[in-house]
Structure formats: structure tokens, C-alpha cells
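Next come the chains, spelled out residue by residue.
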2 protein chains.
Amino acid sequence: MSVPDITMMRIMGRWQGGASERLREAALGLFTTQGYDGTTVAEIAAAAGLTERTFFRHFADKREVLFVDQDEFERAFLGGLPESGDDPMALISGVLDGAATLFPEERRPWSRARQAVIIANIALQERELLKLSSLAFALTRALTSRGVDAASAALAAESAVTVFRTAFAVWVADGEKRTFADIQYSVFSRLRALLR
Amino acid sequence: MSVPDITMMRIMGRWQGGASERLREAALGLFTTQGYDGTTVAEIAAAAGLTERTFFRHFADKREVLFVDQDEFERAFLGGLPESGDDPMALISGVLDGAATLFPEERRPWSRARQAVIIANIALQERELLKLSSLAFALTRALTSRGVDAASAALAAESAVTVFRTAFAVWVADGEKRTFADIQYSVFSRLRALLR
């Protein structure tokens, strides 16, 4: 690939990222004020100053606006895995550290608004559960490839997802101030104490 | 309520149970042989020797045929709770014992066929995840009402569901002969060892 091609891809990538971000922000604002079911793709596109055609270049449907790229989501978790080792506890801790990078303080208002929209709608809840189930599957595969036996890998992955989603619900609660990492650590400790 | 009314309700209950059971069996047979998407409600009703109208008296749509009554499902788990006590470990064990009553040996062929249909279809997977998520919520509430603090109750409930679904996947695997209760016990022990 020639240099101009790469430059072109970078520029397009940046532009597309911008449009996608604007569409997400516009959608969440509309879902919050007028409800998810009461918002059309046309309204989202208009609020973002873009066309419906552009919307559908970025998202398959209205629901997908609320879901970040699954690969990117999973990569953050996997990115926390230590370079080597097959101790499930160390692997879970690494995965949770990776997850925490997805939720810096500046993301909290967005996550809080998104959570409120999702809780109010069964179809969105189903989609969210599928996302977490796919994540557990990806984590299981990663742990298995580290040499953890299949059953332990599945249980470790499910436990990591349980800690993550429990911590997430706490993190977006009204008035919560602790960092995502701190909350996850405390939830994980509690889970371990519980099953001792 | 007079005695004849009660007798009538019992008879209707039995009859309705019979029709519902026949519709389930017919549906699972068709889903297995010709696929879930390739099967219509009309075909299911015809295979059960019933009308479409009867079908819709029992199920809201085609998808629901594969899902037992959520209340009944949750009652089995809750039915295993010990009469008193607030030790989360004892409560989880009780809940798992309750779950095992749902899956006697004679149910295994049905569960195996159902699992194969669900795994092949994203919409069914989403519905299954929602069912388990509602279960976790009901268990959390039950544990909270026993005096377990909210965070521990949620984690204990999620762990019970993780053990249940992991055990379920093992129980329906080809060639698996152990009882549901035995598998659950071994999965639960493994989870505890893992998080020690």
C-alpha cells in the first residue's frame, strides 16, 4: 500500500470516527429526553447534522448506536492480561484492570445516561446481555489459550464479567464518586470472601 | 368459591397443561428437523393437532414455546432455600438444590434438543440470557429479604446463576451421564477453588 493510501485511510478513519461520535451523542440526548422508542433514525441524523444515509453507514440500526464496537470492547479486557502465566486469579485481575481503562471519569456522565436508557427497555437489555455473554466467551477462549482448563476458564471468565457488571452498576449510581478500578477491586474482594 | 368451581378449574388446568405440552413437543420436533426460522405457528399447531387460536391462548409468539413459565422456573430455585438463615453460601447451595429438581434424567433429551435450537439462533440466545438475568434478579431479592446485604446478595445470586448455567451446558453435552445435582456440585466446588 502506498503512502498516500495510508494517509487517506487515516483521514477517512478520523472523519468516520467523528461522525459516529456525533451520532452517538445526538442519539443518547434524544433517547434521554424523548425516550428510545419515541426517537427515529431521521431525528438522530438531523440532530447530528448528518444524513440518514450516513447513519446507516455507521450503524445497522437504532439499537446499535448504544453499543460500542464489540471487538474494541473485548480488546480492552484482553489488553489487561499479563504477558504470561496461567493462574486464573491473576488472569481475572488483569482482565479487570483492562476493563477499568474503558471507564475513566470523563466517561461517567455518558455511561450513566446510557444505563438509564437501557434499563428502561427490554430489547436493549437483551442486547446488553448478549454483549456481555460474547465478552465472557472471548475471555474463556483467551484463558484456554493460556493453558487454563476449559471448565475453569469458563467459570473465571463468567466471574470476571459478574464483577465487571456489578461494579459498573455501582459506578453509574447517583452520587458515586469512587473510580471504576476501586469499585471493581472492592466488588471482587467481596465475591471472593462470599465464596470462601 | 364453590366446590364445582374448583373442580372445573382443576380440569381446565389439566387440559390446558396438556395442550401446552403438546405444542411444546411439536414445536421442538419441528425446530430440530426444519430449523426455528423455517417453522411457522400454523405448522406447530397442526403437528400438535390443535388450532392456531389455541396456540396463541398458550404462547404470545413462536419464541415463547421454548421458554417455560418464568415464575415456575424461579419458584424451583427459590423452593430450595433453607427455611431460615442468612449465610450466603448456604443460601446458594439451597438454590442450586432447588434448580436440580427441574432437571431429572427424563428431561435430558428435551433439554439437549432445546439447547441445540437455542445455540443456533441469536434471538433465542438473547431471550435465554434475559430469562437468566431475571432469575438472578429474583434470587437477589430473595437473599436480600433474608437479611443479606444488597451487594453480597447480587454477587451470590449471579454466582448461583453462573454455576447453574455452566452445569446445564455440561449436563446436556453428548454422552454426559452424571446427574444435574452432581455436576452442579462439582462446578460449584471448582468455582470456589478458583477464587480462593
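Residues numbered from 1 in each chain as written. Chains lettered and ligands numbered in written order. Predicted model: local features only at pLDDT ≥ 70, side-chain atom pairs only at ≥ 80, totals over all residues. Heavy atoms only, no water.

Per an unreviewed UniProt entry, chain A carries the name TetR family transcriptional regulator and comes from Actinoplanes italicus.

So, about the relation of the copies chain A and chain B. Each copy of the sequence occupies a distinct position, and chain A is placed on chain B by a rotation of 180 degrees and an axial shift of 0.0 Å, giving an RMSD of 0.0 Å. Viewed as a symmetry operation, the transformation between the two copies matches a two-fold axis. Measuring from the rotation axis to each C-alpha of chain A, the shortest distance belongs to A:Glu126, at 2.7 Å. The residues that chain A uses at the interface reappear at the interface of chain B in 100% of cases, marking a shared surface. (Least-squares fit on C-alpha atoms with pLDDT ≥ 70 in both. Contact = heavy atoms within 4.5 Å.)

Residues and elements named next belong to chain A. Under the criterion given, the structure shown has 30 aromatic pairs over all chains. Geometrically, the ring pair formed by phenylalanine 168 and tryptophan 171 is tilted, given 6.2 Å between the ring centres and 50 degrees between the ring planes. With phenylalanine 168 and tryptophan 171 both in helix α8 (residues 150–171) and 3 residues apart, this pair spans about one turn of that helix. The exposure class of phenylalanine 168 is buried, given its relative accessible area of 8%. (Phe/Tyr/Trp six-rings, centres within 6.5 Å; stacked < 30°, edge-to-face > 60°. Helix = DSSP H or I, 4+ residues; strand = E, 2+ residues; numbered from the N terminus. Buried < 20%, exposed > 50% of the residue type's maximum accessible area, 1.4 Å probe, protein only.)

Let us now look at the nonpolar core. With 78 residues, the main nonpolar core has A:Phe77, A:Phe164, B:Phe77 and B:Phe164 as its most contacted residues. With residues up to four places along the chain from it excluded, the contact list for A:Phe164 reads A:Phe73, A:Phe77, A:Leu96, A:Ala99, A:Phe103, A:Leu132, A:Phe180 and A:Gln184. (Core = buried A, V, L, I, M, F, W, Y, C linked by side-chain atoms within 4.5 Å.)

For the rest of this paragraph, the subject is the environment of B:Ile44. Residues and elements named next belong to chain B. Note on placement: isoleucine 44 falls in helix α2 (residues 41–47). Put simply, isoleucine 44 and serine 159 are 115 residues apart on the chain and 37 Å apart in space, counted from C-alpha to C-alpha. Dropping the residues within four chain positions of it, isoleucine 44 is found in contact with Leu23, Ala26, Ala27, Leu30, Phe31, Thr39, Phe55 and Lys62.

Any residue range with low pLDDT should be treated as having predicted coordinates unsuitable for detailed reading. Residue and element names in this part refer to chain A. With 91% of its residues at a pLDDT of 70 or more, chain A has an overall mean of 90. Highest mean pLDDT in chain A belongs to helix α2 (residues 41–47) (97); lowest belongs to helix α1 (residues 3–34) (70). Here residues 1–16 is modelled with pLDDT under 50, and outside its nearest four sequence neighbours on either side it reaches 4 contacts, counting other chains as well. (pLDDT = per-residue confidence, 0-100.)

Contacts between chain A and chain B engage 29 residues on the former and 29 residues on the latter. Of the roughly 2,700 Å² buried where chain A meets chain B, counting both sides, 65% is carbon and sulfur surface. Considering only the side of chain A, the residues that lose the most area to chain B are A:Leu155, A:Leu194 and A:Leu195, jointly responsible for 27% of the buried surface there. Linking chain A with chain B are 6 salt bridges. Of the charged contacts, one joins B:Arg190 and A:Asp149 as a salt bridge, the two residues approaching to 2.8 Å between their closest N and O atoms. Linking chain A with chain B are 10 residue pairs in polar contact (both at pLDDT 80 or more), by the criterion used here. Elements with a minimum of two residues in the side of chain A that touches chain B: α5 (88–100), α7 (122–145), α8 and α9 (180–194) of chain A. The biggest single contributor to the side of chain A that touches chain B is α8(A), with 9 residues. (Buried area = accessible area lost by both parts, 1.4 Å probe. Salt bridge = Lys/Arg side-chain N within 4 Å of Asp/Glu carboxyl O. Polar contact = N/O pair within 3.5 Å; in protein donor to acceptor, adjacent residues only side chain to side chain.)

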